[in-house]
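# Topology and contacts: notes
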Amino acid sequence: MMTEEEVKAVLETDFGVPRETMARLERFAELLRAANADQNLVSAASLDHLWERHFLDSAQLIRFAPDPQASWVDLGSGAGFPGMVVALLHPGPVALVEERRLRVDFLRDVAAALGLRVEIVGARVERLDPRPFDVISARAFAPLDRLLDLGTRFSTTNSVWILPKGRNAQSELEALESSWQGDFRLEHSLTDPEAGIIVAEGVKRAGKRKRR
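An account of the accompanying structure is given in this report. (Residues numbered from 1 in each chain as written. Predicted model: local features only at pLDDT ≥ 70, side-chain atom pairs only at ≥ 80, totals over all residues. Heavy atoms only, no water.)

So, on to the overall build of the chain. Scanning the chain for helices and strands turns up eight helices and eight strands. Computed over its C-alpha atoms, the radius of gyration of the chain comes to 16 Å, within 12% of the 17 Å expected for a compact globule of 212 residues. Projected onto its principal axes, the C-alpha positions of the chain cover 45 × 35 × 30 Å. Taking the intrachain contacts of the chain between residues at least 6 apart in sequence as the baseline, contacts between residues at least 24 apart amount to 66%. (Helix = DSSP H or I, 4+ residues; strand = E, 2+ residues; numbered from the N terminus. Rg over C-alpha atoms; globule rule 2.2 N^0.38 Å. Contact = heavy atoms within 4.5 Å.)

Before going further, it helps to examine helix α1 (residues 4-13). Considered for burial, the residues of α1 that qualify are Val-7, Lys-8, Val-10 and Leu-11. Axial view of α1: buried residues confined to an arc of 160°, hence all on one face. Exposed and oriented more than 90 degrees from the buried face of α1 are Glu-5 and Thr-13. Among the structural elements, α2 (19-39) and α4 (50-59) are those in contact with the buried residues of α1. (Buried < 20%, exposed > 50% of the residue type's maximum accessible area, 1.4 Å probe, protein only. Arc of directions from axis to C-beta.)

What follows covers the layout of surface pockets. Of the voids in this model, the largest pocket is the one considered here, and its volume is about 720 Å³. His-54, Asp-57, Phe-81, Arg-139 and Ala-140 are, among the 38 residues lining the largest pocket, the residues nearest its centre. For the lining of the largest pocket, the elements supplying multiple residues, two or more each, are α4, β5 (160-166) and β7 (196-205). In terms of residue count, α4 provides more of the lining of the largest pocket than any other element does, four residues in total. For the lining of the largest pocket, the per-class residue count stands at 14 nonpolar, 12 polar and 12 charged. (1 Å grid on protein atoms, 1.4 Å probe; cavity = no way out; pocket = protein on both sides within 12 Å on 5 of 7 lines; lining within 4 Å. Points joined across faces, edges and corners; volume = space filled by probe spheres on them. Nonpolar A, V, L, I, M, F, W, Y, C, P; charged D, E, K, R; others polar.)

Set out below in structure tokens:
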């Protein structure tokens, strides 16, 4: 595991995160720790490695965005991962979708405290009207087949799906073999050498899909 200082160095050096944004991440960490006792936003064990397990794990997804100004929707944002971190680091417009009221309240409190312009939608994904985004992300939200089914209302033929799926990424991809079509690839995670990030384009329900 990386130390907090090592993660901060990676964010500053490899991701070019400026000092002001690092201060906002510090404040986000304070707010999360304070609220976690009441809501169990993240596991208590993960708080010991908050910067690697949540901040860097979220920040790494920006590598796969098609454009700095791309519109981005994060489904099932929970405590703000990856969506709130993306909103802090990504210049384009970001929307966070979360149905649980207490988590929505927390996300809005964080956005206000950080002076962050981000859209926070408190609703079930399946009840939202269709609306196109350039990037669709989700972390620990739903099994891959279900996630694609829910997210297609936000996708176009050019949308990029960026989905951290942990150590089950390969098996979830294989399970899609006959049900979804698109250009799917598996990228390595910077925070876990055994975990994968599924990056996909041209996603739609169909027969065989192209893989690489």
